[in-house]
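An overview of the molecular structure
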Amino acid sequence: MANRRKVPSNLSALPMFRREFIYIGVDIGKFKHVAGFISKTLLERHQHFEHCPAFVFEQSREGFRALVERIRSYCPLEHCFIVMEQTGHYHRPLLQYLLELDIPVYVMHVQNRQGGMLKTDKRDALGLANHLYNQLALGVQVENKLQAIRRAVPPSEAAAQLKGLMRHRYELAIEATQRKNKLTAICDELFPEFTQVFKNPNLPTALDLREKFSTPHAVATATLVALRDVRKKNYPSEAQLILLQQLAAQSIGTKNLARQRGLLLEQELLIKEMRLIQEHMERLDMEIAQVVEHSREGQILLSIPPICPMYAAAILATIGHIANFEDSGHLKAYFGWAPKRAQTGASFDRARLTQGGSREMKKVMYLVAWNAVKSETEWASLYKRLVPRLCTYDERTQTYKGRGKALGHVIGRLITLIYALLKQDDEILSHLSPGAEPPEPILYDPDLHKRHRTGHYRPIRKEQTTNRIVQVEP
């Protein structure tokens, strides 16, 4: 076998035409990244995109500067476009560094590699650069939407603050639920009759009573005055406390002392953890509400009746910036409320919700719409009109079935309204001159919504009338 010629690693980048654009794909790693460079000149010189040059740099400030210097050796920074995959959180420092330099950065979904092919970081980086070159320079349209690229827009100030806060609160809520389930299981084993007085054994008063009188024997032998000191205000009543003592005297809870010691220690620690989690959640709720109320986007969302500060924070944290979405349809798909239609001729035609989108936002928008249809709002009137049209009537139960269809329509209208208001405010801010004070945000007007619903609709964006040529028949 002939010896392969080794390519020296210290080759200098050949200068390109100053007006030519270069397309860069970055394969993200934990400690090092690989950048692949593609342009019209490089493709003519190397014949195939996999033979184009690549550059390895570290995940550090010096590595980022080295990447920028390598780009400058090819062309000005104004003539480069960069794409990277959204791989966890490792791409965020590089993305933020490039956006601070006003370099256009695009992101795309993590791509599946073809089986049976050699996988290297250089090949992946050049493959990303080839995707970017095809879609931007050549205008190639991809059939798979997961291969489409989109311009990365930095999140707004409020969204940047809320993203971490909402994620941490979501994790705390999951941990609180886990501990509540464990405390309920311990109560069912130690004192199962406890729930006859306290329907929820994890309420603050119930936890205080379980912490001070941890076993049925301690409850049965305690004085009524000691039990009364634990309760909050007048709950539970004295009659309920007496009933609790009677139930404790005849409890069927475990009598094994070794098992009791283990359960009591676990219950004591879980109660302390629950109180700490609740304290942190209360502090987060106060901070989140303050951020939402003092932001323009938050004021717009809070003006819509069914949206509370917590729902508004979840929406802003998920969106990041409204410029990330081309229209309301993309926002619906991102929230998980876009219809997916399957059709084959005239024999099969079915529509359902897509399986993609944010799982948290799908729940949030469902709760927002459900609160909207239960109150006196225009959304409730829309829901009442849609139920007889979209749902089937059951003669036996005298009710409509399939109300989820009508609720889905309400959610779609809500998302469209959210997109329209936020997009309008973003366009107003983008047309302001530097240093100018922004006007007050345009909020949701229920009277205007009612006029639109009764037929007096006026679009938000006023289009200029164009001249038309009308052919008149002789």
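Residues numbered from 1 in each chain as written. Predicted model: local features only at pLDDT ≥ 70, side-chain atom pairs only at ≥ 80, totals over all residues. Heavy atoms only, no water.

What follows deals with helix 5 (residues 157–190). In this model, helix 5 (34 residues) spans 50 Å end to end at C-alpha, consistent with the 50 Å of a helix rising 1.5 Å per residue. Bending of helix 5 peaks at approximately 25° at the position of Lys 163. Within helix 5, the full set of buried residues consists of Ala 158, Ala 159, Leu 162, Met 166, Leu 172, Ala 176, Arg 179, Leu 183, Ile 186, Cys 187 and Leu 190. (Helix = DSSP H or I, 4+ residues; strand = E, 2+ residues; numbered from the N terminus. Expected span 1.5 Å × (residues − 1). Bend = angle between axes of the 7 residues up to and from the residue. Buried < 20%, exposed > 50% of the residue type's maximum accessible area, 1.4 Å probe, protein only.)

Let us now look at the packing of helix 12 (residues 309–319) against helix 13 (residues 328–335). Where helix 12 meets helix 13, the axes come as close as 12 Å, and the angle between the chain directions of the two elements is 105°. When the interaxial angle is binned, helix 12 and helix 13 end up roughly perpendicular. Across the interface between the two elements, Ile 315, Thr 318 and Ile 319 from helix 12 touch Leu 331, Tyr 334 and Phe 335 from helix 13. Its residues assigned to classes, the contact of helix 12 with helix 13 comprises five nonpolar, one polar and no charged. (Axes fitted to C-alpha atoms, helices over the stretch in contact; angles between N-to-C directions. Parallel < 35°, antiparallel > 145°, perpendicular 65-115°, else oblique. Contact = heavy atoms within 4.5 Å. Nonpolar A, V, L, I, M, F, W, Y, C, P; charged D, E, K, R; others polar.)

This part is about the nonpolar core. Among the nonpolar cores identified, the biggest contains 48 residues, and Leu 162, Ile 304, Ile 307, Ile 315, Phe 335, Met 365 and Trp 379 are the most heavily contacted of them. Of all the elements in the fold, those that place two or more residues in this core are helix 5, helix 10 (257–293), helix 11 (296–302), helix 12, helix 13, helix 14 (359–374), helix 15 (378–390) and helix 16 (403–430). By residue number, the principal contributor to this core is helix 16, which donates eleven residues. The contacts of Phe 335, once residues within four sequence positions are left out, are Ile 315, Thr 318, Ile 319, Gly 357, Ser 358, Met 361, Lys 362, Met 365 and Ile 415. Among the nonpolar cores identified, the runner-up in size contains 42 residues, and Val 26, Cys 52, Val 83 and Tyr 133 belong to it. (Core = buried A, V, L, I, M, F, W, Y, C linked by side-chain atoms within 4.5 Å.)

Attention now goes to the side chain of Lys 423. Looking at the element boundaries, Lys 423 is found in helix 16. One buried charged side chain, Lys 423, makes no salt bridge at all; its nearest oppositely charged neighbour is Asp 426, positioned 4.7 Å away. Look past the residues within four positions of Lys 423 in its chain and what remains in contact with it is Ile 322, Ala 323 and Phe 325. (Lys, Arg positive; Asp, Glu negative; His and termini not counted. Salt bridge = Lys/Arg side-chain N within 4 Å of Asp/Glu carboxyl O.)

What follows is about unusual backbone geometry. At the junction of Tyr 235 and Pro 236, the peptide bond is cis and its omega measures out at -5° in the coordinates. Here Pro 236 lies in the loop between helix 8 (224–230) and helix 9 (238–249). For Gln 398, which is not glycine, the phi torsion reads 60° and is therefore positive. With a relative accessible area of 49%, Gln 398 lands in the partly exposed category.

So, about the packing of aromatic side chains. With the rule as written, the count across this model stands at 13 aromatic pairs. Residues Tyr 23 and Tyr 133 carry aromatic rings whose centres are separated by 5.4 Å and whose planes lie at 75° to one another, so their mutual orientation is edge-to-face. With Tyr 23 in strand 1 (residues 22–27) and Tyr 133 in helix 4 (residues 121–137), this pair connects stretches of sequence that are 110 residues apart. Consider the rings of Phe 55 and Phe 57, whose centres lie 6.1 Å apart with planes at 15°: the pair is stacked. You'll find Phe 55 and Phe 57 in the same group, each marked buried. Taken together, the aromatic side chains of Phe 21, Tyr 23, Phe 81, Tyr 106 and Tyr 133 make up a single cluster linked through ring pairs. (Phe/Tyr/Trp six-rings, centres within 6.5 Å; stacked < 30°, edge-to-face > 60°.)

Moving on, we come to the pairing of strand 4 (residues 80–85). Burial runs high along strand 4: six of the six residues are buried. The two faces of strand 4 match: Cys 80, Ile 82 and Met 84 on one face and Phe 81, Val 83 and Glu 85 on the other face are all buried. One ladder, built from five bridges, connects strand 1 with strand 4; its direction is parallel. Bridging from a neighbouring strand, Ile 22 pairs with Cys 80 of strand 4. One crossover worth recording links strand 4 to the parallel strand 5 (residues 105–108) by way of helix 3 (residues 92–100), and it is right-handed. (Pairing = 2+ DSSP bridges. Right-handed = clockwise from strand over helix to strand, strands pointing away.)

If you walk through the whole model with that rule in mind, you get 13 salt bridges. For Glu 50, the salt bridge is made with Arg 123, and the minimal N-O distance between the two is 2.6 Å. One end of the pair, Glu 50, is in the loop between helix 1 (40–46) and strand 3 (54–58); the other, Arg 123, is in helix 4, and 73 residues separate them in sequence. Looking at Glu 50, the relative accessible area reads 26%, which means it is partly exposed.

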